[in-house]
Amino acid sequence: MDSTQSLIERSIPFLTEIKNRTAGEELEVWLNENRGPGTEVWDDLARIIRGGVADGWAANIEVDGPNYRRGRIAEPSERLSYFSITAVYMNSVPVYRGQYHQHPYGELNMVVPLDPDALLGGPRGWQGAGWTAPDPGSHHYPEVKGGAVIALFYLPAGRISYDITPPDQQ
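What this report covers is the structure whose coordinates are included nearby. In this text, all values refer to a predicted model and were calculated from it rather than measured experimentally. (Residues numbered from 1 in each chain as written. Predicted model: local features only at pLDDT ≥ 70, side-chain atom pairs only at ≥ 80, totals over all residues. Heavy atoms only, no water.)

1. Quick look at the sheet that holds strand 4 (residues 96-97)
Right, on to step 1. Across the sheet, which stays open at both edges, the four strands sit in the order 4-11-7-8 with antiparallel pairing between neighbours. On the outer flanks of this sheet lie strand 4 and strand 8 (125-127), each paired with one strand and no other.
Right, on to step 2. With three bridges joining them, strand 7 (residues 119-122) and strand 8 adopt antiparallel strand pairing. In the sheet register, L120 faces strand 8, and the bridge partner there is Q127. (Pairing = 2+ DSSP bridges. Helix = DSSP H or I, 4+ residues; strand = E, 2+ residues; numbered from the N terminus.)

Okay, here's the thing in C-alpha cells:
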C-alpha cells in the first residue's frame, strides 16, 4: 500500500468517529483533548503526512512559491464519510498570509509543525501541534509564523470557497 493509501485508510476510522459532529469550538476542544498529539490517531496521521510532504505526494502544488503549497489527497466519498482530505505546507519565520477562504460547512484541521516554534493562525488564533475546527461559514487568511507547518485538513463534502472578498478589500 502506498503512503497516499495509508493516509486514506488511517483517516477512515477517525472520520467515521466524528462524521456527525459539527465543526466549531466544542469539537476543536474535544479533538485537542481526545485526538491530539500523543494519541495514536494524531501520531499516525502526523507521521504519514510528514512523509508525504517529504516524498512529494502531499502539498505538492505551489500556490505562492515553494513555501506555500497545497494538494488534494482524496475527494469526498462514502468511504471517507463524504469528507475530502487536503494537505497544505506553509513555511515562514515572519508572519506569512495565505489565500483568503471560507469554510461553507466548516473544517477539521490537523496542525503538524515541522519546526518547534511554528504556529498556524486561523479564526481562533495561533495553534501549534493539535487541531483547529473552524465553524461552518467562517472565513480567514491562513497564517504561519515561526517556521514550517503542515495543515492536514478534512472538509465536509469537500467544500472550501476562495470566491469571497476579504473584509480589508471590501
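Moving on from the model shown.
2. Quick look at the pattern of salt bridges
Right, on to step 1. Across all of its chains, the model carries eight salt bridges by this definition.
Right, on to step 2. One salt bridge connects R10 with D44, and the closest N-O pair in it is separated by 2.9 Å. In this pair, R10 sits in helix 1 (residues 3-18) while D44 sits in helix 3 (residues 40-55), placing the two residues 34 residues apart along the sequence.
Right, on to step 3. By relative accessible area, which is 19% here, D44 ends up buried. (Salt bridge = Lys/Arg side-chain N within 4 Å of Asp/Glu carboxyl O. Buried < 20%, exposed > 50% of the residue type's maximum accessible area, 1.4 Å probe, protein only.)

3. Let's talk about the nonpolar core
Generally speaking, nonpolar side chains in soluble globular proteins are found buried as a group.
Right, on to step 1. In terms of nonpolar packing, the biggest core is built from 35 residues, with L7, I49, I73, I85, L108, L152 and Y154 touching the most fellow members.
Right, on to step 2. At the level of secondary structure, the elements contributing two or more residues to this core comprise helix 1, helix 2 (25-34), helix 3, strand 2 (68-74), strand 3 (83-92), strand 6 (108-113) and strand 12 (147-156).
Right, on to step 3. Among the elements that line this core, the one with the most residues is helix 3, at seven residues.
Right, on to step 4. With residues up to four places along the chain from it excluded, the contact list for I73 reads T4, L7, I8, I49, W57, A58, I85, T86, A87 and L152.
Right, on to step 5. Y68, Y96, F153 and L155 belong to the second largest nonpolar core, which has 12 residues in total. (Core = buried A, V, L, I, M, F, W, Y, C linked by side-chain atoms within 4.5 Å. Contact = heavy atoms within 4.5 Å.)

4. So, the sheet that holds strand 3
Right, on to step 1. Pairing in this open sheet of six strands is antiparallel, and the strands run 1-2-3-12-6-9 from one edge to the other. Each edge of the sheet is formed by a strand with only one pairing partner; in this case those strands are strand 1 (61-62) and strand 9 (130-132).
Right, on to step 2. In the sheet, strand 1 pairs with strand 2 via two bridges, with the strands oriented antiparallel. Residue E62 lies in a different strand from strand 2, and its bridge partner there is R69.
Right, on to step 3. Packed on one face of the sheet, helix 1 meets strand 2, strand 3, strand 6, strand 9 and strand 12 and runs near 115 degrees to strand 3. (Axes fitted to C-alpha atoms, helices over the stretch in contact; angles between N-to-C directions.)

5. Considerations on the environment of P13
Right, on to step 1. Looking at where P13 falls in the secondary structure, it is placed in helix 1.
Right, on to step 2. It is 15 Å that separates the C-alpha atoms of P13 and A74, two residues lying 61 residues apart in sequence.

6. Focus: the pairing of strand 7
Right, on to step 1. Here strand 7 runs beside strand 11 (residues 143-145); their pairing, made up of three bridges, is antiparallel. Bridge pairing in strand 11 links L120 to V144.
Right, on to step 2. Two successive antiparallel strands, strand 7 and strand 8, enclose a turn made up of two residues.

7. A short note on the side chain of E143
Right, on to step 1. Relative to the elements of secondary structure, E143 occurs in strand 11.
Right, on to step 2. At a separation of 3.3 Å, a polar atom in the side chain of E143 contacts the side chain of R97.
Right, on to step 3. Among all residues touching E143, those that are not within four sequence positions of it are M90, V95, Y96, R97, L119, L120, G121 and W126. (Polar contact = N/O pair within 3.5 Å; in protein donor to acceptor, adjacent residues only side chain to side chain.)

8. Topic: the packing of aromatic side chains
Right, on to step 1. Enumeration according to the criterion identifies four aromatic pairs in this entry.
Right, on to step 2. Aromatic pair Y68 and Y96: ring centres 5.6 Å apart, planes at 70 degrees, arrangement edge-to-face. Of this pair, Y68 sits in strand 2 while Y96 is found in strand 4, placing the two residues 28 residues apart along the sequence. Y96 shares its class with Y68; the two are buried.
Right, on to step 3. A ring pair is formed by Y100 and Y141, whose centres lie 4.7 Å apart and whose planes are at 65 degrees; its orientation type is edge-to-face. Of this pair, Y100 sits in the loop between strand 4 and strand 5 (101-103) while Y141 sits in the loop between strand 10 (138-140) and strand 11, and the two are 41 residues apart along the sequence. Comparing Y100 with Y141 shows no difference in burial state: the two are buried.
Right, on to step 4. A connected cluster of aromatic rings, assembled from ring pairs, spans F14, W131 and Y154.
Right, on to step 5. Taking the ring centre of W30 as reference, the NZ or CZ of R21 above it sits at 4.5 Å. (Phe/Tyr/Trp six-rings, centres within 6.5 Å; stacked < 30°, edge-to-face > 60°. Lys NZ or Arg CZ within 6 Å of the ring centre and 35° of its normal.)

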